[in-house]
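Residue strings, one per chain:
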Amino acid sequence: MKNIYIISGLLLLLSTVNGYSQRIWSNPIGQYAYNPAGAAMNDIGEVVASYYNTYASANNSPQGFLLMGSTSFPSDKIGAGFRLTNETGGVLKNTMAEATFVYKTPVWRDSKLSFGLSGVYTQLGIDQEKVNAKDPEDPILTQAGKAGYYFDANFGVSLNEANKYYIGAACYNLLGQQTSWLLPGFTNQASRLVSLSGMYCLSLLNGDGKLETTGVGMFYEPQDKFSLTYDFSTRLIFKKSCWIGAGYTNNMVKILLGLYIQDLSIGYAGGIGVGDITSYTYAFPKHELFLRMELNTSKSSKTNASR
């Protein structure tokens, strides 16, 4: 019986290392969430905050908070960004901090090729107050300690035209580091995560509207069986005053609603379960809110703002 507790503990730890490295956010928060080269992509500064909750009526349901920001520097060829996430689910908790450097170079017309490199700190832990262990001597509790951490690096490249299109690829956990959360005979190591993302924006209604379509796909490497996490969304933006849209991600249809108030954006995304998942969970399992503030920090954005 004790071996069962040990195995379950190891699986719990393994799911923490692999499952919290990256997730798909439902709101249109930009490419930086999926690619380090997406920071400062639109030649403006921005600060984004997002909160989500899944299966809200369940005890200790998964929830998370994202805070990120980016800016170009006066030369517009160099940018920087930061990203902080804090996520909890059941007895697990995870905190991640990322700092990013971006270099952008023009390639043709208004398109730019961007390269992003990030340094990352991740801390994994167990919330002891939520643990109800059948065996208090389980090694996951007695030997692992309350938290572990590791440092890693992410790299991405993207081709984009501001507010028109982007396409990018990124690799997370390049170093594949072990955490300091070590158990005898067990190697807990972060899997590499590959991310592919893109967006295209079509002008409508004589310029008064825009139809923006985005997509992202992610998979871990190596893995025993290929498994792709994906998200596709389309939203109709009216005169930069509001938007409405829909999308589809794994076993879930999304609805998107948002409002612009000058340089502030407020958005909501809700998920409607479809397929086999509806037989054992909630029909409306996911809710997400976000705020985005635009800042005129680059040379080009300051020039446009003064006109």
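Scroll up to find the structure.
What comes next concerns the included structure. (Residues numbered from 1 in each chain as written. Predicted model: local features only at pLDDT ≥ 70, side-chain atom pairs only at ≥ 80, totals over all residues. Heavy atoms only, no water.)

1. Some thoughts on the overall build of the chain
When helices and strands are tallied, the chain shows three helices and 14 strands. Scored against the burial criterion, the 307 residues of the chain give a buried share of 45%. A separation of at least 24 residues holds for 54% of the contacts in the chain among residues at least 6 apart in sequence. As presented, the chain carries roughly 15400 Å² of accessible surface, and 61% of it is formed by carbon and sulfur atoms. (Helix = DSSP H or I, 4+ residues; strand = E, 2+ residues; numbered from the N terminus. Buried < 20%, exposed > 50% of the residue type's maximum accessible area, 1.4 Å probe, protein only. Contact = heavy atoms within 4.5 Å. Areas by Shrake-Rupley, 256 points an atom, 1.4 Å probe, with all protein chains shown as cover.)

2. Here's the deal with the environment of A97
Relative to the helices and strands, A97 is located in strand β4 (residues 92–108). Residue A97 is classed as partly exposed on the basis of its relative accessible area of 28%. Sequence spacing of A97 and R83 is 14 residues, and the spatial spacing of their C-alpha atoms is 5.9 Å. Beyond its immediate chain neighbours, meaning those up to four positions away, A97 contacts R83, L84, G119, V120 and Y121.

3. Some points on the packing of aromatic side chains
Applying the stated criterion to the full structure yields eight aromatic pairs. Consider the rings of Y121 and F151, whose centres lie 5.2 Å apart with planes at 50°: the pair is tilted. Taken together, the positions of Y121 in strand β5 (residues 111–126) and F151 in strand β6 (residues 147–161) put the pair 30 residues apart, joining distant regions of the chain. Note on F151: relative accessible area 52%, which makes it exposed. (Phe/Tyr/Trp six-rings, centres within 6.5 Å; stacked < 30°, edge-to-face > 60°.)

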